[in-house]
Amino acid sequence: MEKVISGIRPTGNLHLGNYFGAVKSFVKMQDEYDCMFFIADWHSLTTHPTPENIRRSVRTILAEYLACGIDPEKAPIYVQSDVKEVLELYLYLNMNAYLGELERVTSFKDKARTQPDNVNAGLLTYPTLMAADVLAHKADKVPVGKDQEQNMEMMRLFARRFNRIYNVEFFREPQSYHFSDKAVKVPGLDGSGKMGKSEGNAIYLCDDEATIKKKVMRAVTDAGPTMLNQEKPEPIRNLFTMLEIVSSKDTYDYFNDQYNNMTVRYGDLKKQLAADINAFCAPIREKIMAYQADEDYLLRVAKQGAERASESAHKTLSEVRQIIGFRAL
Ligand code: TRP
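Residues numbered from 1 in each chain as written. Predicted model: local features only at pLDDT ≥ 70, side-chain atom pairs only at ≥ 80, totals over all residues. Heavy atoms only, no water.

1. Points about the pattern of salt bridges
Opposite charge on two side chains makes pairing possible when the charged atoms of those side chains draw close.
Now for step 1: Applying the stated criterion across every chain yields a total of 15 salt bridges.
Now for step 2: Close ionic contact of E101 with R161 constitutes a salt bridge, the shortest N to O distance being 2.6 Å. One end of the pair, E101, is in helix α5 (residues 99–103); the other, R161, is in helix α9 (residues 149–165), with 60 residues separating them in the sequence. The pair formed by E101 and R161 is uniform in burial state, with each residue classed as buried. (Salt bridge = Lys/Arg side-chain N within 4 Å of Asp/Glu carboxyl O. Helix = DSSP H or I, 4+ residues; strand = E, 2+ residues; numbered from the N terminus. Buried < 20%, exposed > 50% of the residue type's maximum accessible area, 1.4 Å probe, protein only.)

Here is the structure:
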């Protein structure tokens with residue numbers, strides 16, 4: 001079975017955009033592939049050198065993944081920093097990664113601009129660590145967003161280069177699996193762009209009913225349609241997209257007809273939308289709370305995940321050592 005691996009940085013709670021983008025695909029893929037999912041806490045040090053409550057953020061994502069339906073029996077979930085073999089591969093890959101190519105990576109250039117006081121080597125070698133995450137398990141497929149494509153290209157470059165330098169056919173080139181091609185894009189609530197792009201435009205899976213309602217009622221609208229059957233401007237289109245995602249077809253058609261004949265009342269639409277978002281989120285939210293309350297279970301999941309991942313990475317690394325020439329003395 002093909003191996004799939006993906007990581008997420010523990011930078012915040014999961015929102016509906018994450019759910020319909022990545023996480024829903026992960027849940028589906030766990031039945032079709034040999035999957036592993038991990039929480040990239042080392043990577044988060046590239047931007048947050050003294051992360052507050054990193055343990056808590058890691059536990060939160062773990063609980064949220066489980067609540068969304070990732071089954072650790074099918075797809076181990078582990079914490080990146082629990083699998084030390086990845087560091088050894090990171091070191092080897094860094095020896096064959098060149099300053100010029102690392103400096104040209106767009107996300108590096110962006111970060112160098114946004115955090116000019118902390119242009120650290122970890123940031124520069126973010127793509128080698130990411131390559132090590134995947135190559136340590138010789139994974140075939142990596143589900144990622146389009147924004148990760150350059151990192152994926154670097155990963156394939158490092159895999160090819162390793163093979164060439166040591167004259168082996170050891171690493172396969174991991175392929176990107178763009179879930180965004182299949183997934184619905186969840187818009188933000190601030191009238192433009194996608195959910196999560198800016199502060200405060202997201203509905204988190206853990207938001208309670210009152211919070212959801214408040215956020216939806218505040219969503220940007222306009223003065224209403226001025227022509228029959230007119231095209232919807234972006235903020236309104238976004239509300240309809242949300243209805244399409246969480247409401248029934250009847251509800252969607254009801255408000256869409258009202259929009260088209262210019263009788264729509266955004267207040268009513270938003271009340272319905274908030275209720276439907278809440279109905280969607282409530283069961284997930286309850287599971288998140290239950291998992292978060294069960295610390296022992298979360299620790300067991302992470303421990304079991306780390307064992308499975310270490311076993312797989314250990315095998316790769318002993319072969320890599322052989323290939324490079326570090327044999328037992
Ligand atoms: N860079 C990814 C992101 O920001 C997170 C990540 C780290 C990752 N290592 C990975 C994703 C390995 C896939 C595979 O979204």
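So, next bit.
2. Let's talk about the site of the ligand
Now for step 1: Residues in close proximity to the ligand total 13 residues, the closest being R9, H43, Y126, D133 and Q148.
Now for step 2: Contacts to the ligand include Y126, whose side-chain N or O atom sits 2.7 Å from a nitrogen atom.
Now for step 3: Separating a nitrogen atom of the ligand from a side-chain N or O atom of Q148 is a distance of 2.8 Å.
Now for step 4: Elements supplying a minimum of two residues to the shell around the ligand: β1 (3–8), α8 (126–135) and β4 (141–144).
Now for step 5: If one sorts the elements of the shell around the ligand by residue count, α8 sits on top with 4 residues.
Now for step 6: The class makeup of the residues in the shell around the ligand is 7 nonpolar, 4 polar and 2 charged. (Near = heavy atom within 4 Å. Polar contact = N/O pair within 3.5 Å; in protein donor to acceptor, adjacent residues only side chain to side chain. Nonpolar A, V, L, I, M, F, W, Y, C, P; charged D, E, K, R; others polar.)

3. Things to note about the side chain of Q258
Now for step 1: Secondary-structure assignment places Q258 in helix α12 (residues 249–260).
Now for step 2: Q258 sits in the buried class, given a relative accessible area of 18%.
Now for step 3: Once residues within four sequence positions are removed from consideration, Q258 is found in contact with T263, V264 and R265. (Contact = heavy atoms within 4.5 Å.)

4. Re the layout of surface pockets
Now for step 1: Counted as a void, the second largest pocket has a volume near 340 Å³.
Now for step 2: Together, 14 residues line the second largest pocket, and P10, T11, G12, E52 and S57 are the ones closest to its centre.
Now for step 3: Of the residues forming the lining of the second largest pocket, the biggest block, 5 residues, is contributed by helix α3 (residues 54–68).
Now for step 4: Grouping the amino acids of the lining of the second largest pocket by side-chain chemistry returns 4 nonpolar, 8 polar and 2 charged. (1 Å grid on protein atoms, 1.4 Å probe; cavity = no way out; pocket = protein on both sides within 12 Å on 5 of 7 lines; lining within 4 Å. Points joined across faces, edges and corners; volume = space filled by probe spheres on them.)

5. Points about unusual backbone geometry
Now for step 1: Phi at N229 takes a positive value of approximately 50°, unusual for a residue other than glycine.
Now for step 2: Tracing the backbone through its elements, the reader meets N229 in the loop between α10 (209–217) and α11 (234–246).
Now for step 3: A residue is classified by how much of its surface remains accessible, and N229, at 56% relative accessible area, is exposed.
Now for step 4: Even without being a glycine, M262 presents a positive backbone phi close to 65°.
Now for step 5: Here M262 is to be found in the loop between α12 and α13 (266–293).

6. Remarks on the packing of α10 against α13
Now for step 1: Two numbers describe how α10 lies on α13: the axes approach to 9 Å, and their chain directions differ by 145°. In this structure, α10 meets α13 at a crossing whose hand is right-handed. Residue-level inspection shows E209, I212, K213, V216 and M217 of α10 in contact with α13, the latter providing G267, K270, K271, L273, A274, I277, N278, C281 and R285. (Axes fitted to C-alpha atoms, helices over the stretch in contact; angles between N-to-C directions. Left-handed = near helix turned anticlockwise from the far one by under 90°.)

7. Points about the packing of aromatic side chains
Now for step 1: For the structure on display, the rule yields 17 aromatic pairs.
Now for step 2: Relative to F326, the ring of Y92 has its centre 5.9 Å away and its plane inclined at 20°; by these criteria the two rings are stacked. You can see Y92 sitting in helix α4 (residues 85–95) and its partner F326 sitting in the segment after α14 (295–324), a full 234 residues away along the chain.
Now for step 3: Here Y92 falls in the buried class, since its relative accessible area comes to 10%. (Phe/Tyr/Trp six-rings, centres within 6.5 Å; stacked < 30°, edge-to-face > 60°.)

8. Let's talk about the nonpolar core
Now for step 1: Of all hydrophobic cores here, the largest spans 58 residues; its most connected members are L16, Y65 and I277.
Now for step 2: The contact partners of Y65, leaving out residues within four places of it in the chain, are I8, L14, V23, F26, F37, I70 and I77. (Core = buried A, V, L, I, M, F, W, Y, C linked by side-chain atoms within 4.5 Å.)

9. Notes on empty space enclosed by the protein
Any space left empty among the atoms is revealed by the rolling of a water-sized probe across them.
Now for step 1: Counted according to the given criterion, the structure contains 1 cavity of 30 Å³ or more.
Now for step 2: As a volume, the largest cavity reaches approximately 40 Å³.
Now for step 3: In this structure, the largest cavity is lined by G188, L189, G191, A219, V220, P235, N238, L239 and M242.
Now for step 4: For the lining of the largest cavity, a count of residues per class yields 6 nonpolar, 3 polar and no charged.

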